[in-house]
Amino acid sequence: MCELWFNVGLSSEASLALMPTIIIDNREVECREGISVLQAALEAGIDVPHYCYHPGLSVVASCRLCLMEMKVSHPTTHEMEWAPKLIPSCQTTVRDSMEVRFDSPAVKENQKRVMEYYLVNHPLDCPVCDQAGECYLQDYSQRFGEPNSRVVDAKHKNPKKDIGSRTLLYQDRCVMCTRCVRFTEEVAGTQELCIVNRGDRAEIDVFPGRGLENNLQGNVVDICPVGSLLDKDFLFEQRVWFLKGVDSICPGCSTGCAIRADVNDGRLWRLKPRYNPGVNDWWMCDEGRFGWKYVHDEMRITRPRVRRGTAIEQPSWESIPTIVQQRFADMVAKYGPASVAVQLSPEMSCEEAWLLARFIRGMAAEATLTLGDVHSVGEPQLFPVSGVAGGETFVVQPEKHPNRRGVEMILDGLGGAMASREDVWSKIGKGEIKAFWLVGGYPRADWAKKELSAATEKLELFVIQDMFPSKVTETAHVVLPFCAWVEREGTFVNQAGLVQAFKRALPPPEGARIDGQYLFTIAGYEGLYTGERVRAMMVSQIPGLGQIHIPPPQPAHQH
Amino acid sequence: MAWQSIDRVTPADDDSDEPLLSEAVKEKIRGFFVRYPTKRAALLPALHIVQETYGQISHRAMRDIADLLEIPPSHVLDTVSFYSHFWRHPRGQKVVVSCRGLSCELMGAREVNEAIASHLGIREHETTPDGQYSFVTEECLGACEHGPCVLINEKLHKCVKAADVPRLLADPDNDKVDVPRSDLYDGLPLAKKDVLPDND
Amino acid sequence: MTRFEPVLLKNVGVEGARTLRVYESRSGYSSARKVLGTMTPTDVIDEVKKSKLRGRGGAGFPTGIKWSFLPADRDVTYLCVNFDEAEPGTFNNRYLVENDPHMLLEGILIAGYATGSTTAYIYIRAEFCEPFHVLQKALDEAYAASFFGNDIFGSGYSLECYIHRGAGAYVCGEETGLIESLEGKRGWPRIKPPFPAIEGAFGKPTVVNNVETLACLPHIIERGAEWFCSVGTQESTGPKLYTLSGPVNRPGCYEAPLGLTVRELIEGDDFGQGMIGHKKIKGVIPGGLSVGILTADELDCQLDFEDVRRYGLLGLGTAGVIVINEDADMRAVLANVARFYAMESCGQCTQCREGTGWIDKIAKRLAAGAGRGVDLDLMIELTRHMGVLPGMSICGLPDGAAYPIRTIIEKFRDELEDLIRRQEPGDAEAAMKQINPAVYALPMTEQRV
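All values reported here derive from a predicted model rather than from experimental measurement. (Residues numbered from 1 in each chain as written. Chains lettered and ligands numbered in written order. Predicted model: local features only at pLDDT ≥ 70, side-chain atom pairs only at ≥ 80, totals over all residues.)

Now for the overall build of chain C. Secondary structure assignment for chain C yields 17 helices and eleven strands. The globule rule puts the C-alpha radius of gyration for 449 residues at 22 Å, and the 23 Å found for chain C is close to it. A principal-axis box enclosing the C-alpha atoms of chain C has dimensions of 75 × 50 × 35 Å. A total of 449 residues make up chain C; the buried ones form 61% of that total. Intrachain contacts of chain C at a sequence separation of at least 6 include 70% that bridge at least 24 residues. (Helix = DSSP H or I, 4+ residues; strand = E, 2+ residues; numbered from the N terminus. Rg over C-alpha atoms; globule rule 2.2 N^0.38 Å. Buried ≥ 20, exposed ≤ 12 C-beta atoms within 10 Å, placed from the backbone. Contact = placed C-beta atoms within 7 Å.)

All names here are of chain C. Direction vectors running N to C along helix 2 (residues 30-38) and helix 6 (residues 101-115) enclose 15°, while the axes themselves pass 9 Å from each other. Taken together, the axes of helix 2 and helix 6 lie roughly parallel to each other. Here helix 2 and helix 6 pass one another in a crossing that is left-handed. Touching S31, A32, V35 and L36 of helix 2 are E106, L109, I110 and Y113, all from helix 6. Class assignment for the residues of the contact of helix 2 with helix 6 results in six nonpolar, one polar and one charged. (Axes fitted to C-alpha atoms, helices over the stretch in contact; angles between N-to-C directions. Parallel < 35°, antiparallel > 145°, perpendicular 65-115°, else oblique. Left-handed = near helix turned anticlockwise from the far one by under 90°. Nonpolar A, V, L, I, M, F, W, Y, C, P; charged D, E, K, R; others polar.)

Here we come to the nonpolar core. Within the largest apolar cluster, 362 residues are counted, with the highest numbers of intra-cluster contacts made by L356 of chain A together with C80 and V81 of chain C. Among the elements that take part in this core, helix 12 (residues 330-344) of chain C stands out by supplying ten residues, more than any other. Apart from the residues within four sequence positions on either side, V81 of chain C is in contact with I108, A120, Y121, I122, Y123, N209, V211 and L214 of chain C. (Core = buried A, V, L, I, M, F, W, Y, C linked by C-beta atoms within 7 Å.)

Further remarks concern the interface of chain C and chain A. With 35 residues of chain C at the interface, the matching set in chain A holds 29 residues. Elements supplying a minimum of two residues to the side of chain C that touches chain A: helix 12 and helix 13 (350-367) of chain C. Among the elements that take part in the side of chain C that touches chain A, helix 13 of chain C stands out by supplying ten residues, more than any other. Residues that form the side of chain C that touches chain A fall into these classes: 18 nonpolar, twelve polar and five charged.

The strand order across the open sheet formed by four strands is 11(A)-8(A)-7(A)-1(B), and the pairing between neighbours is mixed. Each edge of the sheet is formed by a strand with only one pairing partner; in this case those strands are strand 11 (229-231) of chain A together with strand 1 (5-7) of chain B. Strand-to-strand twist in this sheet, taken as the mean axis angle between neighbours without regard to direction, amounts to 25°. Pairing of strand 8 (residues 167-170) of chain A with strand 11 of chain A, which is carried by three bridges, proceeds in the antiparallel orientation. Paired with L168 of chain A across the strands is L230 of chain A, a residue of strand 11 of chain A. (Pairing = 2+ DSSP bridges.)

All names here are of chain B. Look at helix 6 (residues 109-120): 16 Å from first C-alpha to last across twelve residues, which is about the 16 Å you get at 1.5 Å a residue. Every buried residue of helix 6 is accounted for by A109, V112, N113, A115 and I116. The buried residues of helix 6 occupy one face: seen down the axis, they fall within an arc of 160°. Along helix 6, exposed side chains directed more than 90 degrees from the buried face belong to E114 and S118. Looking at the buried side of helix 6, the elements it contacts are strand 2 (94-99), helix 5 (102-106), strand 4 (133-138), strand 5 (150-152) and helix 7 (165-170). One or two steps after helix 6, the chain reaches G121, where phi turns positive at roughly 75°. (Expected span 1.5 Å × (residues − 1). Arc of directions from axis to C-beta.)

Right, let's get into the interface of chain B and chain C. Many authors give the size of an interface as the accessible area that is lost as the parts come together. Contacts between the two partners involve 42 residues from chain B and, on the opposite side, 48 residues from chain C. For the side of chain B that touches chain C, the secondary structure elements donating two or more residues are helix 2 (43-54), helix 4 (73-82) and helix 5 of chain B. In terms of residue class, the side of chain B that touches chain C is made up of 23 nonpolar, ten polar and nine charged.

Turning to the pairing of strand 1 (residues 21-24) of chain A, a few remarks are in order. All names here are of chain A. Residues I22 and I24 point to one face of strand 1 and are all buried, whereas T21 and I23, pointing to the other face, are not buried. In terms of strand pairing, strand 1 meets strand 2 (residues 27-30) through four bridges, oriented antiparallel. Residue pairing in the sheet places I23 in a bridge with E28 of strand 2. The loop that links strand 1 with its antiparallel partner strand 2 comprises two residues; one of these, D25, has a positive phi angle of about 50°. Of the pairings in the sheet, the one linking strand 1 to strand 6 (residues 99-101) comprises two bridges and is parallel in character. The residue bridging I23 from the neighbouring strand is E99, located in strand 6.

Moving on, we come to the sheet that holds strand 14 (residues 267-273) of chain A. Residue and element names in this part refer to chain A. Ordered in space as 12-13-14, the three strands form an open sheet in which the pairing is antiparallel. Edge positions in the open sheet fall to strand 12 (244-249) and strand 14, since each of these has one partner strand only. For this sheet, the mean inter-axis angle between neighbouring strands, taken without regard to orientation, is 30°. Bridging between strand 13 (residues 258-264) and strand 14 involves six bridges; their strand directions are antiparallel. Looking at strand 14, one finds that R260 is bridged to K272.

Before going further, it helps to examine the domain arrangement of chain A. Domain boundaries in chain A define domain 1 (14-103), domain 2 (120-236) and domain 3 (305-373 + 402-546). Placing a centre on the C-alpha atoms of domain 1 of chain A and another on those of domain 3 of chain A gives a separation of 55 Å. (Domains from an automatic or database assignment.)

The next subject is the domain arrangement of chain C. Residues and elements named next belong to chain C. If you check the domain split of chain C, you get domain 1 (20-230), domain 2 (239-325) and domain 3 (330-435). Its C-alpha centre places domain 2 at a distance of 23 Å from the equivalent point of domain 3. The partner domain 3 presents ten residues to the eleven residues of domain 2 that form the contact. Considered class by class, the residues forming the side of domain 2 that touches domain 3 number seven nonpolar, four polar and no charged.

This is the structure:
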């Protein structure tokens, strides 16, 4: 079968070009060097159907959807002619002046037949399938497929499998693209998934007793082009066409994965990773992916609360700025500016940290600033787990906060009186600090330890900005809500120093206002808080925070 | 419609965590390492030896083989399930493999298969209650000039007619080969304590 | 026609032919000694190129040219011997090796030397139990005589040779499927490029050769490339082992120069000696199941690499000739063929995985008496959308599925349509419901012929 119609006849000088130009469907396309024709076509905006190809995984060319026609040199006449056989575009690297086409009868016929083949054993599950609305079997059938079915024979019925604590496998919907198997092999390195049987009875499976349990396993649901691999968490929860996706950054650790928050009806339903080369590529870890349940916890602090002695009031948001400003002014007048301190949390955005620091320093120029509790859990988790040292492509950081570096940059930029967290707390204990604004905002409810509440009883003015009530919030004079990141907007700086912006996806819970807004007003600014407004002011003082890292968009038809 | 659902995360109750392969079996498998540049390439020989020793390749066996070859157990399952020679459930002392290739079918293999199935009283991939015989059909066995062919363990029987089947299956020596044998891929005799219960 | 003096089968029937002593006494291993003692690898490759030896495994690719694809700067090279032989109707490799195992081993030595191989793996299918024992014993003998291992014949060339048993998968006869199986994985063929000569087994340059191809090598060396070219036709040189099976008087493995006609093979006194009971020939599959079918009018087809294709067939394949007589029901033949490819498809490429499975279901339904005329057109159309030749699949298995299905339907269309017409509507529906109880109210009797 070795008819050598391949890849001869292109000049060697052409291959030296760094940005090769190829011709796709009579259109000249300049593309990056070393990529596949499929990737070049997708980046040029051409919709080439594909299942098994993924830029983050090895090429297997098994789905046979991306086949194209290519001009090659005729073996005897040496003229460039359309080769009689189709060639997978995912396994062909671009070379300068190569000519290919997807818009031809042979290519379209192949796409139609392959789509028909996929539907031969596929169950008619669309009405009950989670993937409906974002399903590449639906989309490709509509765009490239055959509208009428010719199958009158029984379909092979495959079982539904529970393959892990968070993932289901509905085998009958699987199209055997093997993306999931290659993911656990190459990206996660945990190698739980495998293929069993052969032919059209081939299935995806795990070794019994060794299910899909690794910190990156949620990504297999993302890369599955059909509704075969399903998230137990999201199963039957929402129809995806009701969801609105908002660009965000995961606050789970200092990696700062770019994500998309899918919301509807005032609720968050799921998080999906966004393409962000060099940071998280196409992936996110399970801790971040599933660690957002606290957003809808009913115990969250929402309305502001003020304590005078034993009397507790819930003033309106309009009166809060005056109350806070007045109380701080009184403290400064009574004890002097050095008695004021503020502990910024690594959960805050840069803008919020800057606004708060500006307010406190505005009240007392010698107020002490410090960076609060930084929680580090375990060691960095390197993926692939079975890879060679230094070859990791994804790291889950032990530092479980999104913005320690950002807050540190704010502190460095502002300068002035600084102290370590331990020093500040010892001063509080000695009674040298009388007015203290503590920012928490940790989703871990246990961060506020009993020892803290004992120390804070000595304060005359204790403002706390936190997410959940605790013994510490009970001792506070002013309690303000620390809203969830999906309700706020601003920037986080990740462990590598990249400044990344996140947007508002949800309104805050009833009765709450987001931190950015009330800090904006408390700091004396008028009008609506936006991240951009504050950054415009911040940048003159801390220029490093002005360069926002925006990942390049993925081509529209890439998936 | 009630779809079939399988829990893959929890192993079966009787799939114990105890190691299965004896040291002798492992040593024999290790003897294959020198032939290949990777340990993984010794997987097919290992599976043959384990199947010949224990009569099947159970999940316990797959785990042990995976440990020995330093590969994940999912890879062992992947390979085992691909090939039709490997049994993942217990099989009889003698495996009757009947050819279903075109040449044999043209010479009457269908009647032979029916005769075997009815004489033994079992269907394909099943084992007789006394554990003596299992029956499968396989694609062309490569002995088409003597069709219909029936392979009993290692012995290939040629030109089998439906009428011959009872006599053939009653012959206690129907799996004896008459050429000098190499024990390279043979299983090892089981110590009494290794003998498995009927089900796994 | 004068009887051809056996070359490949020259030791068959000789007492003790399997032993080294008898083999050597009949000029065995003299070619290997000549090669290792007096020729360079390039000499050997040139001689094989001159002989125009083409691979006997099915593809017919020129062996000398395949060997010359190996990169010049390589350290480790593997020689894989393809003894998987699972093509239905084919048993020449088995016949040769179980009668004369040392001829293969000598061929391995010559090929190993020519390709600079460090290790040779003989991939034998699991179902060949007795041939395995015969071959392993012969290999043990050869090792004991230092014909394998280090410094063979004092030439400085070393070659290790191991037998690797397969486990029942036809697709492992495909060269990269074989390599994957050798490496201990499922036998999924690899995408090419990279070709095995560059990056094959364990990432190293690898050559995969068929048993019969290797068995030709001692004779090319002994008698010369010119002699080899004088046997057979212009483009299809050398002797060939033909295997004949089905309801003929003398099925078996026969050696004759390439170019023998189908009629001669079936009816010749030296070969098949005609049909059992003087039945009429209905059809002949001349190259192993995968090449397609010839009708009774096409028996003058010459069995070489060129002529077979003029009849719309894939090629010579393995020259495994299956004869079908007038008693056979072509629907059953079609169902047998369809089932084979559906069972053996590895499952990687969509067209092969789903296509062969779908054709299998249709053919089964047809054979059960519930077919429709439109099913025949449907199956033909499906066969046009699979295979490595149109570029739609990774390996040649679906081409092997497409040709017999298509040629059987095209060449026996009248018979198939007649059988469909004779189906009783009620019976057809009942059969359909039995096969497919989940489906109801089918347009079963519509669109009949």
